[in-house]
Amino acid sequence: MTLQQLNSRFGVVSQLRFVEDASGLIIAEIENTKASARVCLQGAHLMSWQPRCASVPVVWWSTAGRLAQGKCPHSGAPVCWPWFGAHATDSSLPVHGFARVSPWQVVESGAEADGATRLTLQLMDNPQWRAHWPQGGELKLTMMIGDTLKMQLATSNTGKEAFVIGEALHTYLQISDIAKVKVTGLANTQYLDKVEQFARKHQVGDLTFSGETDRVYVNTETACTIEDPGLQRRILISKSGSQSTVVWTPWADKAAQMGDLGANEGWRTMLCVESANAADNPVSLAPGETHVFGVEYSTSAL
């Protein structure tokens, strides 16, 4: 679909328009009375979200982040699907699956009664899909851009055999300083510590940061909150249909190896708190079944 066709069919007056980035990729730009956001159609990649009440964005985008065909920047909210992390048996397949670097199609948009903007993108079973994954299926991501940010990822099994998926919304959240924030909501939860060869551990108290942290908290449906005294705000992450929460900060050495995170110590101003189904919590779908998991992000004063 051309840019003109997208704007004619799915543009929303005074709320949503489609533009072309310097990379040649198409971006949905959303500006309404509640918030602003940008979404790249490659990967259904939410690039930013800032409610009008916030002085700085909530979803973080690196100052060194650049869009490119077939690549996924370390920024925004990439969609990890149909596996999380490295593929279990084939290291040649892309880390975190292929959804985040595939072209998605716009299938619905609209203005909500409360002033929010709705945008739904779809990834269909096609030859590119089959080259990475032989299962038949359909993936939809619906975003509601308003005072809060709601994201709902729906996987449908349209094939004749059951399959198992891992998934995550790998959301980078903007903070003042990683050394000064804490995450609540994960106390007394088991996690796999990827920094220490997936050692299984138990979270005691709130989570604070003094070095590289890469953890998959399992068997947890609870909401998490980032408390940020530097920005004087809380970011609340509520979820449904998700049994895992991933918390990640690369710290200085690893960020320096990643380019777009190391610039100007940008890594210090972001923290990933990812709603997921990973590690101990894969999702099995029988033919004809649909699995939905949703996340809502909101802010309040600290």
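Structure shown above.
Below, the structure is looked at part by part. (Residues numbered from 1 in each chain as written. Predicted model: local features only at pLDDT ≥ 70, side-chain atom pairs only at ≥ 80, totals over all residues. Heavy atoms only, no water.)

Both the distance between ring centres and the angle between the ring planes are used here to describe each pair of aromatic rings. Under the defined criterion, the tally for this structure stands at eleven aromatic pairs. Between W129 and W133, the aromatic rings sit 6.2 Å apart at their centres with planes inclined by 50 degrees, giving tilted as the arrangement. In this structure W129 comes out as buried when scored by relative accessible area, which is 1%. With a centroid separation of 6.1 Å and an interplanar angle of 85 degrees, the aromatic rings of Y172 and W248 are classed as edge-to-face. Of this pair, Y172 sits in strand β12 (residues 172-174) while W248 sits in strand β19 (residues 244-249); the two residues are 76 residues apart in sequence, bridging distant segments of the chain. Residue classification places Y172 among the buried positions, given a relative accessible area of 2%. Through a chain of ring-to-ring contacts, the aromatic side chains of W81, W83, F98, W129, W133 and F163 assemble into a single cluster. One Lys or Arg, R268, reaches over the ring of W251 and ends 5.7 Å from the middle of that ring. (Phe/Tyr/Trp six-rings, centres within 6.5 Å; stacked < 30°, edge-to-face > 60°. Buried < 20%, exposed > 50% of the residue type's maximum accessible area, 1.4 Å probe, protein only. Helix = DSSP H or I, 4+ residues; strand = E, 2+ residues; numbered from the N terminus. Lys NZ or Arg CZ within 6 Å of the ring centre and 35° of its normal.)

Take the sheet that holds strand β4 (residues 45-51) next. If you walk across this open sheet you meet the four strands as β1-β2-β3-β4, and the pairing is antiparallel. The open sheet terminates on both sides in strands that have one partner only, identified here as β1 (16-20) and β4. Neighbour-to-neighbour, the strand axes of the sheet open up by a mean angle of 15 degrees, direction not taken into account. One ladder, built from six bridges, connects strand β3 (residues 35-40) with β4; its direction is antiparallel. Bridge pairing in β4 links R38 to S48. Against the sheet, helix α1 (residues 3-10) engages β1 and β2 (26-31), with an angle of about 175 degrees to β1. (Pairing = 2+ DSSP bridges. Axes fitted to C-alpha atoms, helices over the stretch in contact; angles between N-to-C directions. Contact = heavy atoms within 4.5 Å.)

The next thing to look at is empty space enclosed by the protein. Overall, the coordinates contain one cavity of 30 Å³ or more when judged by the stated rule. Roughly 30 Å³ of volume is contained in the largest cavity. Residue lining of the largest cavity: T222, C224, I237, K239, T245, V273 and S275, and that is the complete set. Contributions of two or more residues to the lining of the largest cavity are made by β18 (233-240) and β20 (270-277). (1 Å grid on protein atoms, 1.4 Å probe; cavity = no way out; pocket = protein on both sides within 12 Å on 5 of 7 lines; lining within 4 Å. Points joined across faces, edges and corners; volume = space filled by probe spheres on them.)

Taken in spatial order, the eight strands make up an open sheet running β6-β7-β8-β9-β22-β18-β17-β13, and their pairing is antiparallel. Only two strands of the sheet have a single neighbouring strand rather than two, namely β6 (105-111) and β13 (182-184). Pairwise comparison of adjacent strand axes, ignoring direction, gives a mean angle of 15 degrees for this sheet. By the bridge criterion, eight bridges tie strand β7 (residues 117-124) to strand β8 (residues 137-145) in an arrangement that is antiparallel. In the sheet register, L123 faces β8, and the bridge partner there is L139.

Where strand β14 (residues 190-193) meets strand β15 (residues 199-202), four bridges bridge the pair, whose relative direction is antiparallel. Residue Q190 lies in a different strand from β15, and its bridge partner there is H202. Hairpin connection, β14 to β15: the antiparallel pair is bridged by five residues, and Q197 has positive phi, about 55 degrees.

This paragraph deals with the nonpolar core. Within the largest apolar cluster, 72 residues are counted, with the highest numbers of intra-cluster contacts made by F18, L46, W104, I226 and L271. Not counting the four nearest positions on each side in its chain, L46 is found in contact with A37, R38, V39, V59, G76, A77, M143, I145, L149 and M151. Judged by nonpolar contacts, the second largest core, of eight residues, contains C80, A168, V216 and V246. (Core = buried A, V, L, I, M, F, W, Y, C linked by side-chain atoms within 4.5 Å.)

Quick look at the pairing of β14 now. Alignment of β14 against strand β16 (residues 213-217), held across three bridges, turns out to be antiparallel. Bridged to D193 within β16 is R215.

Estimates place the volume of the largest pocket at around 380 Å³. For the largest pocket, the lining is made up of 20 residues, of which W83, F84, A86, A88 and G166 are closest to its centre. Of the residues that constitute the lining of the largest pocket, the class distribution is 14 nonpolar, five polar and one charged. The calculated volume of the second largest pocket comes to roughly 240 Å³. Tallied by class, residues from the lining of the second largest pocket come to eight nonpolar, three polar and six charged. (Nonpolar A, V, L, I, M, F, W, Y, C, P; charged D, E, K, R; others polar.)

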